[in-house]
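Examining the three-dimensional arrangement
If you want the building blocks of each chain, they are given just below.
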Amino acid sequence: MDMKDRMKIPRQPMPEQEAKVRARNFDEVPLGYTPEMAKTEALRCIQCKNPACVQGCPVQVDIPGFITLVSEGDFIGAAKKIKETNALPAVCGRVCPQEAQCEQLCVRGKKAEPVAIGRLERFVADFERAAGEVSIPQIPASRGKKVAVVGSGPSGLTVAGDLIQLGYEVTIFEALHKPGGVLVYGIPEFRLPKAIVAAEVDYLSKMGVKIETSNVIGKIATVDELFEEGYDAVYLGTGAGLPTFMNIPGENLNGVYSANEYLTRSNLMKAYKFPEYDTPIVKGKNVAVIGGGNVAMDSARTAMRLGADHVYLVYRRSRAEMPARIEEIHHAEEEGIEFHLLTNPIRYIGNDKGWVVGIECLRMELGEPDDSGRRRPVPIKGSEYVIDIDTAVVAIGAGANPLVQSTTPGLDTNKWNYIIADEATGQTSREGVFAGGDIVTGAATVILAMGAGRNAATAIHQYLMTKK
Amino acid sequence: MSAKILAKEQLSENVFKMVLDAPKIAQKRKAGQFVVIRIHEEGERVPLTIADADAAKGTVTIIFQVVGKSTGQLSDLNAGEELLDLVGPLGKATHIEKVGTVACIGGGVGIAPVYPITQALKNAGNHVISIIGARTKDLIFMEDEMKAVSDEFIVTTDDGTYGFHGFVSQALENKYLMPGTKIDMVVAIGPVPMMRAVCDTTKKYDVKTFVSLNSIMVDATGMCGACRVSVGGKTRFVCVDGPEFDGHQVDFRELMDRQKIYLPEEKDCYDHYCSCKHGKGGR
Ligand SMILES: Cc1cc2nc3c(=O)[nH]c(=O)nc-3n(C[C@H](O)[C@H](O)[C@H](O)COP(=O)(O)OP(=O)(O)OC[C@H]3O[C@@H](n4cnc5c(N)ncnc54)[C@H](O)[C@@H]3O)c2cc1C
Ligand code: SF4
Ligand code: FES
């Protein structure tokens, strides 16, 4: 096909479950490209000499390279090409903010729409898995050195996968009973099926990574004790798992959740399947979700699926400032989430039994830009109003869980208690201790956590090669 | 991490004791800490205080009351069977030091968690007054164990079927505080109304009182905030900041409300479990 014809092909839409139907089930929303759609979409890529998209990718996937293979129908080859730099394409194809990364820079986006890089990535990873073509690489003989990885989120999984292939003995210690970090406890099934995460974890196990779940480092063993037990290096990928509350009146009323609790109950503990599963969750009819990021969208859409009549998304800035993936904002709107933008909660109202019955909000307007460059919302005097609710989910960000930092002497942290680590290597202030992902950057993205893991794996390898 | 059940014993109508094979936790745990268990794939994460541990044998002991489906199912397991997950030790350890005279108070199933603390306070050289109580005689357990680590010892029952007739808080006040016994510190563990009653009493006499809170938990690592309580007007997480707090600062009313969040669901779940257990229905 010549270039002109290629330019004429429109961006292939993603087949999806219908909004009304999916708003009441937990099945995945996008259904995935067919091989034909994928090949057609792949032809839209004009194979730039200096592909801008690759610069937008935090792990520099060879995007034109894998897309060529897709256009040729070599889907397995395409998956292998991505895996040269990105170990979790089935995850990233689903959750990366492509519109702010590769697809933002794609030249096709200047005149028309960018190539659907994320959808293609997802397609080839799913194709490979479904074909049973995920092969376990040859693992080199052990170098006789042991590495402990604390936390099994995307960052820890990446470090473990890289180091085992370099011949180290790797053990992951995970506090929860299931590995995967936010991928299992935070991001809902309808956006990232847990079977995909389980397959990735299984792949690591098959390569020989030991995974010790239900082990809270800082409690059952400190970092120093891990060294005493014979580990030669430790990687800290403990994430940003500390819930943030607004410290406004009524926040401890029954029915007010942190997003972490709400999503953990639903995702990790499968409360949406209660009573088949034993963990309950409040199935509110009128739910307010506070925040504008991915966590807020996930909470709001979960509330809808649990049977709410109204889900109000209360966000203090305007739509343009919402940090959530654009696709998820669209999905949420299609599913009937009611947005109360430029609105800030000031207190929760309770009844005599200690249950939340209302949330009082204040309308805002955008003022001067703040430190983040976004225009600061300022309250409009006298604009208070009350929304009747029976459940609220606070999704305004996360902080650093202090368990490891407080039990590791000499480990430097910043003023928010995140671990200070070199960006290129993950090296912390302690010899042999590396860190990366959300515990260093604060809540960020899956791909940045993976990128940090990849860099740290290289640095740990170098450290252990030179260490006597 | 799974854990084998080594022994099981029924202490009273609804209270069971289990000894678990958990060498690492046995070595690490300190008085006041707890574990979280999960019994099967669909199960909840259930926090339970470590009632005792033997570092040499590599065992930890849990004591629990059957209050719902999860504890019911736990009580159905027998020696030789395994818990799917066991994680610990969690929470802050009790700060143990010699302060002089201490009163250790356990109400109902709270006798179990107060035991290791009593033992540790005794070992630290304190003069230990123990008061354990329950609704009625049959619900009293660990009497001998508690006696063995106490200098003075009182049992109370609400109905007067055994020992002092009345609540533990009344025994503390009538027998000690009112007559003027100087008590330097009180540790009280049990149902919330009991802990509140003890705190109301000790406040009058200005005696420092610690309580161990049993709030609803999910992860028990400080990640979710399900366990939050107000202490001195500040929100604290029981699983990592506690479980022990200054009882005079705790908002018991809020704690009681929060413990009721899932009552309807728990009841449904438990009724279903009971009817299954008694052959009236199936999953
Ligand atoms: C609801 C939600 C939706 C999101 N959506 C997106 C999205 O669409 N796209 C995107 O790119 N990003 C998204 N993110 C952000 C992304 O998930 C995180 O940036 C990423 O998971 C960070 O990876 P990590 O490996 O650093 O940590 P985590 O994924 O947080 O994993 C850390 C792990 O360490 C464990 N741990 C913590 N402390 C200890 C300890 N002391 N001992 C043992 N284990 C410990 C934790 O239990 C956890 O399993 C979302 C986050 C949330 C919460
Ligand atoms: S920028 Fe767009 S068109 Fe160019 S190589 Fe990347 S995906 Fe293809
Ligand atoms: S139980 Fe989740 S923070 Fe305490």
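Residues numbered from 1 in each chain as written. Chains lettered and ligands numbered in written order. Predicted model: local features only at pLDDT ≥ 70, side-chain atom pairs only at ≥ 80, totals over all residues. Heavy atoms only, no water.

1. Here we look at the overall build of chain A
- From N to C terminus, chain A includes 19 helices and 16 strands.
- In summary, chain A has a C-alpha radius of gyration of 23 Å against a globular reference of 23 Å for 468 residues, a match within 12%.
- Here the C-alpha coordinates of chain A stretch approximately 65 × 65 × 50 Å along the principal axes.
- Among the 468 residues that make up chain A, the fraction classed as buried is 59%.
- When contacts within chain A are restricted to residue pairs at least 6 apart in sequence, those whose partners lie at least 24 apart make up 69%.
- Accessible surface for chain A amounts to roughly 18,700 Å². Of this, 53% is attributable to carbon and sulfur atoms. (Helix = DSSP H or I, 4+ residues; strand = E, 2+ residues; numbered from the N terminus. Rg over C-alpha atoms; globule rule 2.2 N^0.38 Å. Buried < 20%, exposed > 50% of the residue type's maximum accessible area, 1.4 Å probe, protein only. Contact = heavy atoms within 4.5 Å. Areas by Shrake-Rupley, 256 points an atom, 1.4 Å probe, with all protein chains shown as cover.)

2. A few points about the domain arrangement of chain B
Residue and element names in this part refer to chain B.
- Considered domain by domain, chain B is made up of domain 1 (3-90) and domain 2 (101-259).
- Listed per partner, the contact involves 19 residues of domain 1 and 20 residues of domain 2.
- Of the roughly 1,500 Å² buried at the junction of domain 1 and domain 2 (both faces included), carbon and sulfur atoms supply 67%.
- Taken together, the links from domain 1 to domain 2 amount to zero salt bridges.
- Summed over the shared surface of domain 1 and domain 2, the result is two residue pairs in polar contact (both at pLDDT 80 or more).
- The set of elements that each furnish at least two residues to the side of domain 1 that touches domain 2 consists of β1 (3-12), β2 (15-21), β3 (34-38), β4 (46-54) and β5 (59-65).
- Of the residues belonging to the side of domain 1 that touches domain 2, the class tally is 11 nonpolar, four polar and four charged. (Domains from an automatic or database assignment. Buried area = accessible area lost by both parts, 1.4 Å probe. Salt bridge = Lys/Arg side-chain N within 4 Å of Asp/Glu carboxyl O. Polar contact = N/O pair within 3.5 Å; in protein donor to acceptor, adjacent residues only side chain to side chain. Nonpolar A, V, L, I, M, F, W, Y, C, P; charged D, E, K, R; others polar.)

3. Observations concerning the site of ligand 1
Residue and element names in this part refer to chain A.
- In the vicinity of ligand 1 lie 34 residues, with V95, S155, E174, R191 and I217 positioned nearest.
- The separation between an oxygen atom of ligand 1 and a polar side-chain atom of E174 is 2.6 Å.
- In this structure, R191 approaches ligand 1 through a side-chain N or O atom, which is 2.8 Å from an oxygen atom.
- Listing elements by their share of the shell around ligand 1, those giving two or more residues are α11 (154-165), α16 (294-305) and α19 (446-466).
- In terms of residue count, the dominant contributor to the shell around ligand 1 is α16 (three residues).
- Taken together, the residues that form the shell around ligand 1 break down as 16 nonpolar, 13 polar and five charged. (Near = heavy atom within 4 Å.)

4. A few points about the interface of chain B and chain A
- Facing the 46 residues of chain B at the interface are 45 residues of chain A.
- Together chain B and chain A conceal approximately 3,700 Å² of surface at their shared face, both sides included; 53% is due to carbon and sulfur atoms.
- In terms of surface lost to chain A, no three residues of chain B exceed M223, R228 and Y262 of chain B, which account for 18% of the buried area on that side.
- On the surface where chain B and chain A come into contact, there are three salt bridges.
- One salt bridge in this structure joins E225 of chain A and K28 of chain B, with 2.6 Å as the shortest N-O distance.
- Inspection of the region where chain B meets chain A yields 21 residue pairs in polar contact (both at pLDDT 80 or more).
- For the side of chain B that touches chain A, the secondary-structure elements that each account for two or more residues are α1 (23-28), α2 (69-76), β7 (85-90), β14 (228-231), β15 (234-237), α8 (252-259) and α9 (263-277) of chain B.
- Residue classes in the side of chain B that touches chain A are distributed as 16 nonpolar, 12 polar and 18 charged.

5. Focus: the packing of aromatic side chains
Residues and elements named next belong to chain A.
- In total, this model carries nine aromatic pairs over all chains according to the counting rule given.
- Between F173 and Y231, the aromatic rings sit 5.9 Å apart at their centres with planes inclined by 80 degrees, giving edge-to-face as the arrangement. Linking F173 in strand β2 (residues 169-173) with Y231 in the loop between α14 (223-228) and β4 (233-236), this pair joins segments that are 58 residues apart in sequence. Exposure class is identical for F173 and Y231. Each is buried.
- Following the ring pairs from residue to residue traces out a cluster consisting of F26, F190 and Y272.
- The cationic tip of K146 hangs over the ring face of Y231; the distance from NZ or CZ to the ring centre is 4.5 Å.
- The lysine or arginine in question, R305, covers the ring of F190, its NZ or CZ lying 3.8 Å from the ring centre. (Phe/Tyr/Trp six-rings, centres within 6.5 Å; stacked < 30°, edge-to-face > 60°. Lys NZ or Arg CZ within 6 Å of the ring centre and 35° of its normal.)

6. Section: the environment of P243 of chain A
- Within the fold, P243 of chain A resides in strand β5 (residues 242-243).
- On the basis of relative accessibility, which here comes to 11%, the residue P243 of chain A falls in the buried class.
- In sequence terms P243 of chain A and G397 of chain A are 154 residues apart; their C-alpha atoms lie 7.0 Å from each other.
- Every residue in contact with P243 of chain A, bar those within four places of it in the chain, is listed here: S258, N260 and G397 of chain A together with G222, M223, C224, G225 and F237 of chain B.

7. Some details on the side chain of S70 of chain B
- With respect to the helices and strands, the residue S70 of chain B is situated in helix α2.
- In contact with S70 of chain B, other than residues within four places in its own chain, are D278 of chain A together with I39, E44 and V46 of chain B.

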